[in-house]
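Secondary and tertiary structure notes
The residues making up each chain are set out below.
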Amino acid sequence: MRVVFGTAAVLLAAGWLIVGCTDPIRETSAKTVTIAKETQAAWVRNFNPLIAPSLSRWPTTCGIHEPLLVFNVMEDRYVPWLAERHVLSEDLLELRFDLRHGVRWSDGEAFTADDVVFTFELLREHRALDLEGVWSFLSRVQSVDDHTVVFTFSRPFVPGLVYIAHQPIVPEHIWRTVEHPVTFANEHPVGTGPFTEVRLFRDQVFELGRNPYYWMRGAPGVDALRFPAYAGNDQANLALVNDEVDWSGTFVPAVERTFVARDRAQRHYWFPLVGNTAMLYTNNHHPALASAAVRKALSRAFDRELIVEVAMYGYTRPADATALSDAYATWRDGSIAAADDWTRYDPKRAAAELDALGYRLDDDGRRTLPDGSPITFELILVSGWSDWVRAGQIVARQLSELGIDVMVKTFDRPTWFDRMQRGAFDLAIGWTVKGPTPYTFYRGLMSSDQYKPIGTAAPLNWHRFSDPAVDELFDAFERAGPRSEQEAIAREMQAAFVAHAPSLPLFPNPPWGTSNTRRIEGFPDAGNPYAVLSPNDFTFPLLVLTRLRAREAP
Amino acid sequence: MTYVLRRLAFYLLAGWVAITLNFLLPRMMPGDPTSAMMARFEGQASPEAVQALRETFALTDAPLGEQYLSYLRNTARGDLGISIALYPAPVAQVIGSALLWTCFLAGTAVVVSFVLGTLLGIATAWRRDSWWGRTLPPALAFLGAFPYFWLAMLALWLFGFLLGWFPLRHGYGDAIEPGWNLPFVVSAIRHAVLPATTIVLATAGNWLLRMRNNMISVLGEDYISLAHAKGLPQARLVFHYAARNAVLPSVTGFGMALGFVVSGSLLTEIIFAYPGQGYLLVQAVRTQDFALMQGLFLAITFAVLAANWFVDILYMWLDPRTRSSRPS
């Protein structure tokens, strides 16, 4: 018995020690922004801004390294950043950037035009770094003086501006001696951005301190950024609800009830619909999906209002037939979609149209091809993406009411993506690419450039649409200088999309963004929409990071 | 001795098969890592850049035989390649640091669960008519039947979030410098209590039931009655005569469980954001990180083989029959 009591006493003492001694919560000052970004169980120290953004840590392009300009989708304009001005020549073949004066790297060296030229020369030398393929339309990058850079195009390519403008710039005096820039981890970064000093780097958390030489007056208004590692959404959301996180880009289910309602004064979310558009991709090589008339009829058969309400918690709205999200509000011509809005729910009309096209019901109530064989579709989704899976299930159920058998199948993300690229699907829900103009958006959906035969991986245009008449619109846009000319072409693109219905838009994807203003303020919201709140992007969050400031102690 | 040699030969063969399968399996998966990487940031990259990246990651289209040979060479040298998911960390280093945490958390939990479950199994079999002998087995089996993630989330919410007794995440306090000092060790233990307890709660029932069933059948044997009749002390009877025989099947299971510790406790590590092996594996599969996947499978395979070997030796000690070289 004595042994038992002894053991119990030791256990109790140990228990007291373990429960009683709490860890110090924060060793950092209150002027630190804690951000929940990237799902990682342990951090790997990589701040290389030139490789694919998902390989390096998020602040690499959002705090450390800066671009020439930052496109602000809320204002539909380029915000001058390292460059104060950009001018495209009359013949569209020369793009000149006037660089900001007085910018210094975080080690004190002056930032000059040579750094810009050096960065682009690196891309030319190492093709793996030229992610956007800028050297497919550039022929030369030259510095005129310390503060002027001229990009010479090999052909007119107006949409190329964004790729040049958003390229993170690296310091020549540091990177000149880097032997393998593709595999370089840049562990001690030197940048022009607001947060460049790695104050702390452990597998569970890292912190970036401010750049002592930052060029923007009065910015940043906080001392540091802090990134705890969260292995999953649930962990990040728990920290958010527990007031540990100031800024997060995670998806929060029923955000109003689970997050905001507990402290309305400090907790905010804002999902302006300026992201990409979720599409129901229709494989144009499937015999039942080859004609635009059938695709439009199918589109009328499912209720986007219901999908948005049930699958997306009402965070978004149904897409219209142009598929454009609010990011292109200044480009969208409402009358084009209104003329033939095949995204409106009308199951009777859908059935009547299919009947008229020869896709009748057989004796068993199954919808058939004109040759009499029943129509079946396989709808592929990413497993675990519960919002899209629910949306897919609604689509499947509503198409079955039309007599069409839809099998919903979920795959791991890589497998799903491989099938998308090879065209191994009938129906699929997926994202679209976005850019500053509808050119990028529609090119991914309609250009023959992106077209690949079934079985060959296509980077975009997964549904495999191709039409030479539409291709001409893209060529024309690339050579269109004035905005009015671009808008006219963009209207034709919208008309082409509405006419051909290459795939069926579902809803604009909300960019998730939540903020907690207990310690930090200055986040954008509907009342002060100076930028997008969501940190789930690269480069753009610079707009927010430079506006954040610590709250005065009460 | 021949028994040991025979087992050793078997393990060598199993090791080679595992290494070869390890090479083939990821290559049979659809998709490729560079496109998975692009899918991760929902972007597009120019085809030239993708091709150049493939070359950087040494993803070649060389004939399988050639790839196999260079894979064997590198594995023998301990060079497991560079991880793509955790670029540019070497796989060996990534696995090394995660392995420590996993072994600490899951290893402790498995040992505690096994010892606790087995002792309770012995006790509940010996006193199976007492009130606790009747209620404990179904109670633990009931707990074990809960979906694990639910149990873990509940524990996290109750003891971590509402009561605040234990930290919500991570292997140690974020404000503590890792190293061999008291604050760090206490912090690491504090962080392990909740996850380890949930694992023990979820698995102890199995050990208990297994041991209890074996015990009951052994207790019915004639030699136990004889020992009883001889008037041996109760403790000696229970532990030396009955339990030592009854524990043999449990030990086999324990060996397997110990081996699989290395694969990490996936759900535990995700729910408690624990810096271990399990989440790495998911990440490797999601991003088609061949090098990391292979490294992890290799570590798991060798851990299972090593654990089995350890159990073989344990068997020799527990069961004298295995010590004679004659097959029984």
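The structure displayed is predicted, hence computed values, not measured ones.

To continue, consider the overall build of chain A. Along its length, chain A carries 16 helices and 20 strands. Computed over the C-alpha atoms, the radius of gyration of chain A is 26 Å, within 12% of the 24 Å expected from 2.2 N^0.38 for a compact globule of 554 residues. C-alpha extents for chain A along the principal axes are approximately 85 × 75 × 45 Å. Residues classed as buried in chain A amount to 60% of the 554 residues present. Residue pairs at least 24 apart in sequence account for 70% of intrachain contacts in chain A once pairs closer than 6 positions are excluded. Per element, the accessible surface of chain A, about 21,400 Å² overall, is 51% carbon and sulfur. For chain A, the distance from the average position of its 55 positive side-chain charges to the average position of its 69 negative side-chain charges is 4 Å.

It is worth spelling out the overall build of chain B at this point. Per the secondary structure count, chain B includes 14 helices and zero strands. Reading chain B from its N terminus to its C terminus gives the helix and strand order α-α-α-α-α-α-α-α-α-α-α-α-α-α. Here chain B holds 328 residues, and 49% of them are scored as buried. Restricting to contacts in chain B with at least 6 residues of sequence separation, those with at least 24 account for 74%.

A few words on the nonpolar core. Among the nonpolar cores identified, the biggest contains 208 residues, and A:Leu68, A:Phe97, A:Phe120, A:Leu138, A:Phe151 and A:Ile164 are the most heavily contacted of them. Ranked by residue count, the leading element in this core is helix H8 (residues 182-219) of chain B, at nine residues. Among all residues touching A:Leu68, those that are not within four sequence positions of it are A:Pro80, A:Trp81, A:Leu82, A:Ala83, A:Phe97, A:Leu99, A:Val116, A:Phe151, A:Ile164, A:Ala165, A:Gln167 and A:Ile169. B:Val94, B:Ala98, B:Ala291 and B:Ala303 belong to the second-largest nonpolar core, a separate cluster that totals 21 residues.

Another point: the confidence of the model for chain A. Overall, the predicted model of chain A reaches an average pLDDT of 90, with 94% of residues at or above 70. Ranking the helices and strands of chain A by mean pLDDT puts strand E7 (residues 148-153) of chain A first, with 97, and helix H1 (residues 2-20) of chain A last, with 57.

Tallied over the entire structure, the rule returns 56 aromatic pairs over all chains. Summarising the aromatic geometry, the rings of B:Phe159 and B:Trp165 are spaced 5.7 Å apart at their centres and angled 40° between planes, so their arrangement reads as tilted. Taking the relative accessible area as the measure of exposure, B:Phe159 reaches 27% and is therefore partly exposed. Taken together, the ring pairs connect A:Trp43, A:Phe47, A:Trp58, A:Phe201, A:Phe206, A:Phe227, A:Trp247 and A:Phe523 into an aromatic cluster. Above the face of the A:Trp135 ring, A:Arg124 is positioned so that its terminal group lies 4.1 Å from the ring centre. Over the ring of A:Trp331 we find A:Arg483, and its NZ or CZ is 3.9 Å from the ring centre.

What follows is about the environment of A:Ala236. Residues and elements named next belong to chain A. Within the fold, Ala 236 resides in helix H5 (residues 233-241). Considered as a pair, Ala 236 and Thr 39 are 197 residues apart in the sequence and their alpha carbons are 8.7 Å apart. Excluding anything up to four places from it in sequence, Ala 236 contacts Ala 36, Tyr 230 and Thr 250.

A few words on the sheet that holds strand E18 (residues 514-516) of chain A. All names here are of chain A. Spatially, E8-E9-E10-E1-E11-E18-E12 is the arrangement adopted by the seven strands of the open sheet, whose pairing is mixed. Both edges of this open sheet fall to strand E8 (195-201) and strand E12 (267-269), since each of them pairs with a single strand only. Sheet topology note: the strand E1 (residues 32-36)/strand E10 (residues 224-228) ladder contains three bridges and is parallel. By the bridge assignment for E10, Thr 34 is matched with Arg 226.

Further remarks concern the interface of chain A and chain B. Between chain A and chain B, the residue contacts involve 62 residues of the former and 59 residues of the latter. Taken over both partners, the interface formed by chain A and chain B buries close to 5,000 Å², and the fraction arising from carbon and sulfur atoms is 60%. The interface formed by chain A and chain B contains one salt bridge. The closest approach of N and O atoms between A:Glu244 and B:Arg169, which form a salt bridge, is 2.7 Å. Taken together, the connections running from chain A to chain B amount to eight residue pairs in polar contact (both at pLDDT 80 or more). Within the residue set of the side of chain A that touches chain B, elements represented by two or more residues are H1, E10, H5 and helix H12 (413-422) of chain A. The class makeup of the residues in the side of chain A that touches chain B is 33 nonpolar, 14 polar and 15 charged.

Residue and element names in this part refer to chain A. Geometrically, the link from Ala 219 to Pro 220 is a cis peptide bond, its omega value of -10° lying close to zero. With respect to the helices and strands, Pro 220 occurs in the loop between strand E9 (205-210) and E10. Non-glycine residue Ala 323 carries a positive phi angle of around 70°. Inspection of the secondary structure assignment puts Ala 323 in the loop between helix H8 (304-310) and helix H9 (334-339).

A word on the packing of helix H14 (residues 468-478) of chain A against helix H15 (residues 483-500) of chain A. Residues and elements named next belong to chain A. For the pair H14 and H15, the least separation of the axes is 10 Å and the interaxial angle reads 160°. By the angle between their axes, H14 is roughly antiparallel relative to H15. Handedness of the H14/H15 crossing: left-handed. On H15, the residues that touch Val 470, Leu 473, Phe 474, Ala 476 and Phe 477 of H14 are Gln 486, Ile 489, Glu 492, Met 493, Ala 496 and His 500. When grouped by side-chain class, the residues that make up the contact of H14 with H15 number eight nonpolar, two polar and one charged.

Another aspect to go through is the pattern of salt bridges. Residues and elements named next belong to chain A. Evaluated as defined, the whole model comprises 35 salt bridges over all chains. The shortest N-O distance in the salt bridge between Asp 355 and Arg 367 comes to 2.7 Å. Remark: Arg 367 occurs in the loop between helix H10 (347-356) and strand E14 (376-382) and Asp 355 occurs in helix H10; sequence separation between them is 12 residues. Each of Lys 296, Arg 300, Asp 340, Arg 349 and Glu 353 takes part in salt bridges that share partners, so that together they form one network.

Turning our attention to the confidence of the model for chain B. The predicted coordinates ought not to be read in detail in places where the model reports low pLDDT. Per-chain confidence: chain B averages 81 in pLDDT, with 90% of residues scoring 70 or above. As a predicted assembly, this complex carries a pTM of 0.84 together with an ipTM value of 0.76.

Next up on the list: the sheet that holds strand E16 (residues 427-430) of chain A. Residue and element names in this part refer to chain A. Strand order in the open sheet made by the five strands is E15-E14-E16-E13-E17, with mixed pairing throughout. With one partner strand each, in any of the chains shown, strand E15 (405-411) and strand E17 (504-508) form the two edges of the open sheet. Across the sheet, the mean angle from the axis of one strand to that of its neighbour is 20°, orientation sign disregarded.

At a minimum axis separation of 13 Å, H5(A) and helix H7 (residues 148-162) of chain B run at an interaxial angle of 25°. Between H5(A) and H7(B), the angle is such that the two are roughly parallel. The interaxial crossing formed by H5(A) with H7(B) has right-handed handedness. For the pair H5(A) and H7(B), contact is made by A:Asp234, A:Gln235, A:Leu238 and A:Val241 and by B:Met153, B:Leu156 and B:Phe161, respectively. Taken together, the residues of the contact of H5(A) with H7(B) break down into five nonpolar, one polar and one charged.

Cut-offs used in this document
- Residues numbered from 1 in each chain as written.
- Chains lettered and ligands numbered in written order.
- Predicted model: local features only at pLDDT ≥ 70, side-chain atom pairs only at ≥ 80, totals over all residues.
- Heavy atoms only, no water.
- Helix = DSSP H or I, 4+ residues; strand = E, 2+ residues; numbered from the N terminus.
- Rg over C-alpha atoms; globule rule 2.2 N^0.38 Å.
- Buried < 20%, exposed > 50% of the residue type's maximum accessible area, 1.4 Å probe, protein only.
- Contact = heavy atoms within 4.5 Å.
- Areas by Shrake-Rupley, 256 points an atom, 1.4 Å probe, with all protein chains shown as cover.
- Lys, Arg positive; Asp, Glu negative; His and termini not counted.
- Charge placed at Lys NZ, Arg CZ, Asp CG, Glu CD.
- Core = buried A, V, L, I, M, F, W, Y, C linked by side-chain atoms within 4.5 Å.
- pLDDT = per-residue confidence, 0-100.
- Phe/Tyr/Trp six-rings, centres within 6.5 Å; stacked < 30°, edge-to-face > 60°.
- Lys NZ or Arg CZ within 6 Å of the ring centre and 35° of its normal.
- Pairing = 2+ DSSP bridges.
- Buried area = accessible area lost by both parts, 1.4 Å probe.
- Salt bridge = Lys/Arg side-chain N within 4 Å of Asp/Glu carboxyl O.
- Polar contact = N/O pair within 3.5 Å; in protein donor to acceptor, adjacent residues only side chain to side chain.
- Nonpolar A, V, L, I, M, F, W, Y, C, P; charged D, E, K, R; others polar.
- Axes fitted to C-alpha atoms, helices over the stretch in contact; angles between N-to-C directions.
- Parallel < 35°, antiparallel > 145°, perpendicular 65-115°, else oblique.
- Left-handed = near helix turned anticlockwise from the far one by under 90°.

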